[in-house]
Amino acid sequence: GDPRVWSVKEGLLVGHANKQILGEAGSTHLFWKGNLDDFELDLVFKLERGNSGIFYRCKQLPKWDAAGYQFDIYKNCTGNLLDVGQGRERRDLFRRSRARLSHTRKDWNHLTIIAHGNRIIHRLNGHTMCDVVDKDKSRGLTSGLLALECQADSDTPIAFKWIHLKALATDAPPSPATPTAAPAPAPVAPGNITPEKPASNTEPPPSQIAPIAGMVW
């Protein structure tokens, strides 16, 4: 990632981008060095303002840009599932109703992404935002990189912590049942948050999970 944007401060992974810092508009990303197929990602984020997201099964482009699936983090769009980026025809695989739950601005929020084959699940603060099967075999993505986004079009400070990633066995069939949305976690002080994993019946048994050792970043 661009060292002008990303840093570690007091145990937090922090990104801050704007046109003054980068000298131009656009998005910049911090890439994890590994390639992902089927996986589950859990993390906690706090967006003060601006526009961010999580790119996955993506490709790295010049100037730290990315193209692929995105968990959108932006105002009332948080939780949207997009296939977006230079060189790809934009697809809105899930666009949420603006009346639905969004993230809490200037406070910590918990998100989960599960990608298993062509099935993708997005969760926000314990609520299942979408459970989508991408049936487009010509444009669907089955593997790629993982990246955190910080957009310079608007002034964007964002912080991440508790980033955990695990690989899922590709031969573990996902449950046919749609996960039930769990209630949102009770508010806690930012310094004391311990994200709780929402109840789910989509995960394979522990014996079929191949953990990726340690924290991602």
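Everything below is about the structure shown above.
Small disclaimer: the values here were computed from a predicted structure and weren't measured. (Residues numbered from 1 in each chain as written. Predicted model: local features only at pLDDT ≥ 70, side-chain atom pairs only at ≥ 80, totals over all residues. Heavy atoms only, no water.)

Considering the sheet that holds strand S7 (residues 81–84)
The strand order S3-S12-S5-S6-S7-S8 describes an open sheet built from six strands, whose pairing is antiparallel. The open sheet has two edge strands with one neighbour each: strand S3 (27–31) and strand S8 (91–94). Strand-to-strand twist of the sheet, defined as the mean angle between neighbouring strand axes without regard to direction, takes the value 30°. Pairing analysis gives four bridges linking strand S6 (residues 65–73) to S7, with the strands arranged antiparallel. Bridge pairing in S7 links Tyr69 to Asp83. (Pairing = 2+ DSSP bridges. Helix = DSSP H or I, 4+ residues; strand = E, 2+ residues; numbered from the N terminus. Axes fitted to C-alpha atoms, helices over the stretch in contact; angles between N-to-C directions.)

Digging into unusual backbone geometry
One non-glycine residue, Glu10, lies in the positive phi region at around 55°. Mapped onto the fold, Glu10 is located in the loop between strand S1 (6–9) and strand S2 (12–17). By relative accessible area, Glu10 is classed as exposed at 82%. Its identity as a non-glycine residue notwithstanding, Trp64 has a phi of 60°, on the positive side. Residue placement: Trp64 occurs in the loop between strand S5 (52–61) and S6. For Trp64, a relative accessible area of 32% gives the class partly exposed. (Buried < 20%, exposed > 50% of the residue type's maximum accessible area, 1.4 Å probe, protein only.)

Quick look at the pairing of S3
Counting buried positions along S3 yields five of five residues, so the element is predominantly enclosed. Judged by which residues are buried, S3 turns out to be covered on both faces: Ser27, His29 and Phe31 on one side and Thr28 and Leu30 on the other are all buried. Across five bridges, S3 lies against strand S12 (residues 145–151) in antiparallel orientation. Looking at the pairing, Thr28 lines up with Cys150 of S12.

Here we look at the nonpolar core
Within soluble globular proteins, side chains that are nonpolar generally end up buried alongside one another. Ranked by internal contacts, the top residues of the largest apolar core, which has 37 residues, are Leu41, Leu43, Phe45, Ile54, Tyr56 and Phe160. The element contributing the most residues to this core is strand S4 (residues 39–47), with five residues. Leu41 has contacts with Ile54, Leu111, Thr112, Ile113, Leu146, Ile163, His164 and Leu165, leaving out every residue within four places of it along the chain. One finds Phe31, Ala66, Leu82 and Leu145 within the second-largest nonpolar core, a separate group that totals eight residues. (Core = buried A, V, L, I, M, F, W, Y, C linked by side-chain atoms within 4.5 Å. Contact = heavy atoms within 4.5 Å.)

Observations regarding the pairing of S2
With four bridges connecting them, S1 and S2 associate as antiparallel partners. From the neighbouring strand, Lys9 faces S2, where its bridge partner is Leu12. As consecutive antiparallel partners, S1 and S2 are separated by two residues, and within that stretch Glu10 has a phi angle of approximately 55°, a positive value. Here five bridges tie S2 to strand S13 (residues 156–168), and the two strands are oriented antiparallel to one another. What sits directly across from Gly15, in S13, is Ile158.

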